[in-house]
Amino acid sequence: MNKKAVVIGSGFGGIAISLRLRKLGYETTIIEKLNEIGGRARVFEINGYKHDAGPTVITAPFLFDELFELFNKKRQDYLKFVPLEPWYRYYFHDGRTFDYCSTIDKTNQQISKYDKSDIDGYKKLLNQSKKIFDVGFTKLSDKPFISFFKMIKVIPNLIFLQSYLTVSQLVNKYLKNPYLRKAFSIHPLLVGGDPHTTTSIYALIHYLERKWGVFFCMGGTGKIVSELKKLMINCNIEIKTNTEVKEFIVENNKISKIITDKEEITNFDLVVCNADPPVVYSKLLKKYNLKRPFKKEKNLLYSMGLFVLFFGTKKKYNDVAHHTIWMTERFKSLLHDIFRKKILSKDFSLYIHRPTATDKSFAPEGCDSFYVLCPVPNLQGNINWDKESEILKDRIISELSNTIMPDLEKTVTDVFWMNPNDFNKDYNSMHGSGFSIAPIFTQSAWFRYHNKDKKIKNLYFSTAGAHPGAGIPGVLSSAKVVENIIKKELNIK
Ligand SMILES: Cc1cc2nc3c(=O)[nH]c(=O)nc-3n(C[C@H](O)[C@H](O)[C@H](O)COP(=O)(O)OP(=O)(O)OC[C@H]3O[C@@H](n4cnc5c(N)ncnc54)[C@H](O)[C@@H]3O)c2cc1C
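These figures come from a predicted structure and were not determined experimentally.

Caption draft 1: Just the domain arrangement of the protein chain, in detail. Here the domain parsing of the protein chain yields domain 1 (4-44 + 56-81 + 218-300 + 437-490), domain 2 (108-211) and domain 3 (305-427). Between the C-alpha centres of domain 1 and domain 3 there is a distance of 29 Å. Facing the 11 residues of domain 1 at the interface are 14 residues of domain 3. Contact with domain 3 buries area across many residues of domain 1, yet Arg40, Phe44 and Thr56 alone supply 43% of it, more than any other trio.

Printed below as a string of structure tokens:
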């Protein structure tokens, strides 16, 4: 084909589009500012304790299978995805627990501990989730939303599916019990949204999990990155790490030059950004003041920040499930503090990852490896993270020590963290947000960053901030959208 593509950023969206472009015949180069590829899915190792830095929950595994199949390989020959049980364990403020399980029967047994009558409500919620999934995932997630006409065409569907409701409004329609309402509402937080403002399109995650399951990749998410890296090297994708793109030069409505901190790159046909779109438009393309799809960066709502605490323990906590959602009593008002008021409250809710529950290789013998994710305000809040990080770390360890991890204060070792400043610095994420722009209705589908720029003819986006959105299934689908646009432009079936 003799055409060249450059991909900026090596998160899963960047890796996936580089493989898809290579398969289309493009000579492909991927540029990453960090010293390794993977983006948020990078790995930290310290004194025998291993930590996936970001995504841990694997859903929709077929999206990874497809990447191997592009090159006539089987994902199963390289990566072992093991189903989890339970999928998540909820631990509520009063010590009650709820296991969200791999089968509906087992989940119903758990629901009956709280309110038997919600079993029927859960069935109805899942039915509604399937209806949303059939449109939101099956029909729309890998299709471009670059024309407003297409948006107009789907609006009747979206109204029929009640997408104007938020996830929590939808869940509350079907479930009565306050504990269950919380447990079944949290999914938007996994993609950076407050369930009380996120469009109920994201309730499709309930059915998506039921359809394909919830998995952990043996060796961790980092193992997926390392196997995909081997695939990239085998098919001659050029990988440039420790290289940051600083500016794009546009001539005749095309990017003609990429200026990095090391060199200037010319001679390519197209550029795909896996970098955060708000940063691309407001910094890398600043001087061109381009028209954005909907709103300018200052008017967008960004996802929350994340304080991620990594540590090992000198003993095993066998009662802690692989995925635990540890919830404080406040829910709606806590999220309001984080997303709207942007203040650091005294209380918090946590997601706890214990990979050693499934894969011993993450810690020395007889020990555990953990990360604890605490949603916090992004950098639009006025928080001194240099001071507050240490305090928050101590509070988290003390709360866990008093609840599900007795004596943690004595057994904890090799502690470090990432706060929103680190997300901003390491991933070039606008306002240090954990998941780019928030998944509210007016920032979804056509209203989200488009997968292809309207004016610059050779600029595409395969990333969490573009359609369809954040999360691994989201960004892997984003790469499919870009591939579909390019194929159409090249007249390839
Ligand atoms: C703590 C955490 C837990 C999560 N858990 C889950 C989960 O369990 N399951 C799930 O599905 N999702 C999860 N997510 C969400 C998911 O990880 C992300 O939405 C997804 O990985 C983002 O991928 P991406 O392709 O957009 O790129 P990113 O991973 O954001 O990577 C973008 C890359 O581009 C690089 N870059 C940016 N600007 C430049 C530049 N100018 N020059 C060169 N390089 C640049 C950055 O350094 C970065 O490496 C989690 C996220 C976090 C942070």
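Caption draft 2: The packing of helix H1 (residues 12-23) against helix H9 (residues 221-234), seen in detail. Running from N to C, H1 and H9 point in directions that differ by 25°, and their axes come no closer than 11 Å. By the angle between their axes, H1 is roughly parallel relative to H9. The hand of the H1/H9 crossing is left-handed. For the pair H1 and H9, contact is made by Phe12, Ile15, Ser18 and Leu19 and by Thr221, Ile224, Val225, Leu228, Leu231 and Met232, respectively.

Caption draft 3: Layout of the sheet that holds strand S10 (residues 245-251). One open sheet holds the three strands; their spatial order is S10-S11-S12, and the pairing between them is antiparallel. The strands lining the two open edges of the sheet, one partner per strand, are S10 and strand S12 (264-265). In this sheet, strand S11 (residues 254-260) lies alongside S10 in antiparallel orientation, the contact comprising six bridges. Counted as the bridge partner of Glu247 is Ile259 from S11.

Caption draft 4: Quick peek at the nonpolar core. Counting 111 residues, the largest nonpolar core has Phe12, Leu19, Phe64, Tyr90, Phe98, Phe184 and Leu228 as the members making the most contacts within it. Ranked by the residues each element gives to this core, the list is headed by helix H15 (residues 472-490), at eight residues. For Tyr90, the contacting residues outside a window of four places in its chain are Arg96, Thr97, Phe98, Tyr100, Ala183, Ile186, Ile325 and Met327. Core analysis: the second largest hydrophobic core is formed by 27 residues, Ile31, Phe248, Tyr302 and Ile456 among them.

Caption draft 5: Main features of helix H3 (residues 104-112). Those residues of H3 not exposed but buried are Thr107, Asn108, Gln110 and Ile111. Angularly, the buried residues of H3 cover 160° about the axis, an arc narrow enough to put them on a single face. Opposite its buried face, H3 presents the exposed residues Asp105 and Gln109, each directed more than 90 degrees away. For H3, the elements touching its buried residues are strand S7 (97-100), helix H4 (118-136), helix H7 (178-183) and helix H8 (204-212).

Caption draft 6: Examining a nonpolar patch on the surface more closely. The grouping of Ile155, Ile159 and Tyr164 at the surface amounts to a nonpolar patch, some 310 Å² of accessible area in total. Take Ile155: it is sitting in helix H5 (residues 148-160).

Caption draft 7: How the structure looks around the sheet that holds strand S13 (residues 270-273). Strands sit in the order S9-S2-S1-S13-S19 across an open sheet of five strands; the sheet is parallel. Each end of this open sheet is capped by a strand with a single partner; those strands are strand S9 (238-240) and strand S19 (459-461). Between one strand axis and the next, the sheet turns by 20° as a mean value, whatever way the strands run. Taken together, the four bridges between strand S1 (residues 4-8) and S13 define a ladder with parallel strand orientation. Directly across from Val6, in S13, lies its bridge partner Val271. Here H15 sits on the sheet in contact with S13 and S19, set at roughly 150° to S19.

Rules behind the numbers
- Residues numbered from 1 in each chain as written.
- Predicted model: local features only at pLDDT ≥ 70, side-chain atom pairs only at ≥ 80, totals over all residues.
- Heavy atoms only, no water.
- Domains from an automatic or database assignment.
- Contact = heavy atoms within 4.5 Å.
- Buried area = accessible area lost by both parts, 1.4 Å probe.
- Axes fitted to C-alpha atoms, helices over the stretch in contact; angles between N-to-C directions.
- Helix = DSSP H or I, 4+ residues; strand = E, 2+ residues; numbered from the N terminus.
- Parallel < 35°, antiparallel > 145°, perpendicular 65-115°, else oblique.
- Left-handed = near helix turned anticlockwise from the far one by under 90°.
- Pairing = 2+ DSSP bridges.
- Core = buried A, V, L, I, M, F, W, Y, C linked by side-chain atoms within 4.5 Å.
- Buried < 20%, exposed > 50% of the residue type's maximum accessible area, 1.4 Å probe, protein only.
- Arc of directions from axis to C-beta.
- Patch = residues over 30% accessible without salt bridge, like charges linked within 9 Å, V, L, I, M, F, W, Y side chains within 5 Å.
- Areas by Shrake-Rupley, 256 points an atom, 1.4 Å probe, with all protein chains shown as cover.
- Salt bridge = Lys/Arg side-chain N within 4 Å of Asp/Glu carboxyl O.

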